[in-house]
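# Tertiary structure, described
The primary structure of each chain is shown beneath.
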Amino acid sequence: MKETLEQPGFLATAGTLGADVSYLLALVFTLLFLVAWGFAKKAQGTKHHKLILVSMVSMVVYFCAYYYARQLGVLAFEGKEGFGGPQEVYDNVFLPTLTTHLVLVTLGLIMAFYMLIEGFRASEKVNGEYVLKAGELKVSAKTFKIVMFAILGLWGVNQLFLTLVRHASMGANIAWGLIFGTIALVVSIEKGIEKLLPDGARRHRILGRGTMIIYGLILITSTMTYLMLYVIYPAK
Ligand code: HEM
């Protein structure tokens, strides 16, 4: 698999097949999200919701397959050794762009899950079309506790599986801890967000636009990274 991904690409002369396919897919997913924004703007709630679901599922499948196939993140694979430009450009342009990109991707993934759940909670079906319902949207103290305990329980079960069946490394345990910790953190932050933006519909529109802007920036930073690595400063 690794050898196939390292074959010459089809977009830029210096690109690899892995880089080209992953860039094209990233392009398609972000564009799908932006088209879904267009549907929401035209008040086509159902089309918006369906396209968001399709793009999210394919994006998550792609992420898992991509990281599984390439084993390591972009930094290790295409960082220093893949960059053929001057050190100054590497330090002042390439690395900040790539770091911003990775931060935005992480944020974008977290926000996609958050918005998906918020979208279902904040909307209702009227004559077959999803519409946002105005009014306060709050998680009750009881539901909050149930969700938190469920996260804790799932982490515990996963931890047992990792220790007894997979004999997982310390790194894997920490990574899973961070994933469950992030989920718990987002659920807790929701309590604060509820105070700032109590109206569910308004919350969906404001945070949704923020999320869409993140996707736009992801598109820009991934294009910049791709261009620098494979078009402007390919490895010599
Ligand atoms: C990643 C997930 C999502 C994002 C980023 C997102 C983003 C947005 C944005 C930005 C708007 C406002 C458009 C505008 O006025 O600029 C919006 C509206 C809306 N969203 Fe979402 N959304 C997501 C998921 C969902 C889901 C899962 C549902 C339904 C189950 C949903 C239902 C709606 C509805 C009904 C509207 C109102 C459309 C109208 O104005 O009539 N969204 N969304």
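It should be noted that the structure appears before, not after, this text.
This section reports on the structure supplied with the text. Here the structure is a predicted model, which means the values were calculated and not measured.

### Looking at the overall build of the chain
Helices and strands together make up the secondary structure of the chain, namely eight helices and two strands. Helices and strands in the chain line up, N terminus first, as α-α-α-α-α-β-β-α-α-α. Referenced to the eigenvectors of the C-alpha coordinate spread, the extents of the chain come out at roughly 60 × 50 × 30 Å. Residues counted as buried form 36% of the 236 residues belonging to the chain. Sequence separation of 24 or more characterises 65% of the internal contacts of the chain that already satisfy a separation of 6 or more. Positive and negative side-chain charges of the chain, numbering 21 and 14 respectively, have mean locations separated by a distance of 10 Å.

### Brief notes about the coordination of the iron atom of the ligand
At this site the iron atom of the ligand is bound by His48 (NE2) and His204 (NE2), with donor distances of 2.0 to 2.1 Å. Classification of the site at the iron atom of the ligand as octahedral follows from its six donor atoms and the range of 87 to 179° in their angles at the metal. Separated by 156 residues along the polypeptide, histidine 48 in helix α3 (residues 45–70) and histidine 204 in helix α8 (residues 200–232) bring together distant segments of the chain. For histidine 48, a relative accessible area of 17% corresponds to the buried category. Note on histidine 204: relative accessible area 14%, which makes it buried.

### Points about the packing of helix α5 (residues 87–122) against helix α7 (residues 170–196)
In contact at an axis separation of 11 Å, α5 and α7 are set at 50° when each is read in the N-to-C sense. Here α7 runs oblique to α5, going by the angle between their axes. Here α5 and α7 pass one another in a crossing that is right-handed. Of the residues in α7, those touching α5 at Ile110, Tyr114 and Arg121 are Thr182, Val186, Glu190, Ile193 and Glu194.

### What to know about the site of the ligand
Around the ligand, 23 residues are found, and the nearest of them are Trp37, His48, His204, Arg205 and Arg209. Residue lysine 41 places a side-chain N or O atom 3.2 Å away from an oxygen atom belonging to the ligand. Between an oxygen atom of the ligand and a side-chain N or O atom of arginine 205, the distance comes to 3.1 Å. Elements supplying a minimum of two residues to the shell around the ligand: α2 (17–41), α3, α5, β2 (129–132) and α8. In terms of residue class, the shell around the ligand is made up of 12 nonpolar, eight polar and three charged.

### Regarding the pairing of strand β1 (residues 123–126)
Bridge analysis of β1 against β2 gives four bridges, and the strand direction is antiparallel. By the bridge assignment, glutamate 124 is partnered in β2 with valine 131.

### A few points about the nonpolar core
Ranked by internal contacts, the top residues of the largest apolar core, which has 24 residues, are Phe33, Met111, Tyr114, Leu207, Tyr215 and Ile218. Listed by contribution, the elements that provide at least two residues to this core are α2, α3, α5 and α8. It is α3 that provides the largest number of residues to this core, a total of seven residues. The residues contacting tyrosine 114, other than those within four sequence positions of it, are Val186, Glu190, Ile193, Arg203 and Leu207. Core analysis: the next-biggest nonpolar cluster, separate from the first, contains 12 residues, Tyr23, Leu98, Leu229 and Tyr230 among them.

### Digging into the environment of valine 131
With respect to the secondary-structure elements, valine 131 resides in strand β2. Each C-alpha atom of the pair valine 131 and glycine 119 lies 9.7 Å from the other, and the pair is 12 residues apart in sequence. Setting aside residues no more than four positions away along its own chain, valine 131 makes contact with Ala122, Ser123, Glu124 and Val126.

### Quick look at the pattern of salt bridges
Enumeration over the complete set of coordinates arrives at four salt bridges. Glutamate 118 is the partner of arginine 203 in a salt bridge, and the nearest nitrogen-oxygen pair spans 4.0 Å. Of this pair, arginine 203 sits in helix α8 while glutamate 118 sits in helix α5, placing them 85 residues apart in sequence. Judged by relative accessible area, which is 0%, arginine 203 ranks as buried. Judged by relative accessible area, which is 1%, glutamate 118 ranks as buried. Measuring nitrogen to oxygen at the nearest pair gives 2.8 Å for the salt bridge that ties arginine 203 to glutamate 190. Of the two residues, arginine 203 is situated in helix α8 and glutamate 190 in helix α7; the sequence distance between them amounts to 13 residues. Note on glutamate 190: relative accessible area 5%, which makes it buried. A single network of salt bridges, built from pairs that share partners, joins Glu118, Arg121, Glu190 and Arg203.

The rules behind each value
Residues numbered from 1 in each chain as written. Predicted model: local features only at pLDDT ≥ 70, side-chain atom pairs only at ≥ 80, totals over all residues. Heavy atoms only, no water. Helix = DSSP H or I, 4+ residues; strand = E, 2+ residues; numbered from the N terminus. Buried < 20%, exposed > 50% of the residue type's maximum accessible area, 1.4 Å probe, protein only. Contact = heavy atoms within 4.5 Å. Lys, Arg positive; Asp, Glu negative; His and termini not counted. Charge placed at Lys NZ, Arg CZ, Asp CG, Glu CD. Donors = N, O, S within 2.8 Å, 3.2 Å for Na, K, Ca; no water. Tetrahedral: all angles 85-135°; square planar, octahedral: opposite > 155°, others 65-115°. Axes fitted to C-alpha atoms, helices over the stretch in contact; angles between N-to-C directions. Parallel < 35°, antiparallel > 145°, perpendicular 65-115°, else oblique. Left-handed = near helix turned anticlockwise from the far one by under 90°. Near = heavy atom within 4 Å. Polar contact = N/O pair within 3.5 Å; in protein donor to acceptor, adjacent residues only side chain to side chain. Nonpolar A, V, L, I, M, F, W, Y, C, P; charged D, E, K, R; others polar. Pairing = 2+ DSSP bridges. Core = buried A, V, L, I, M, F, W, Y, C linked by side-chain atoms within 4.5 Å. Salt bridge = Lys/Arg side-chain N within 4 Å of Asp/Glu carboxyl O.

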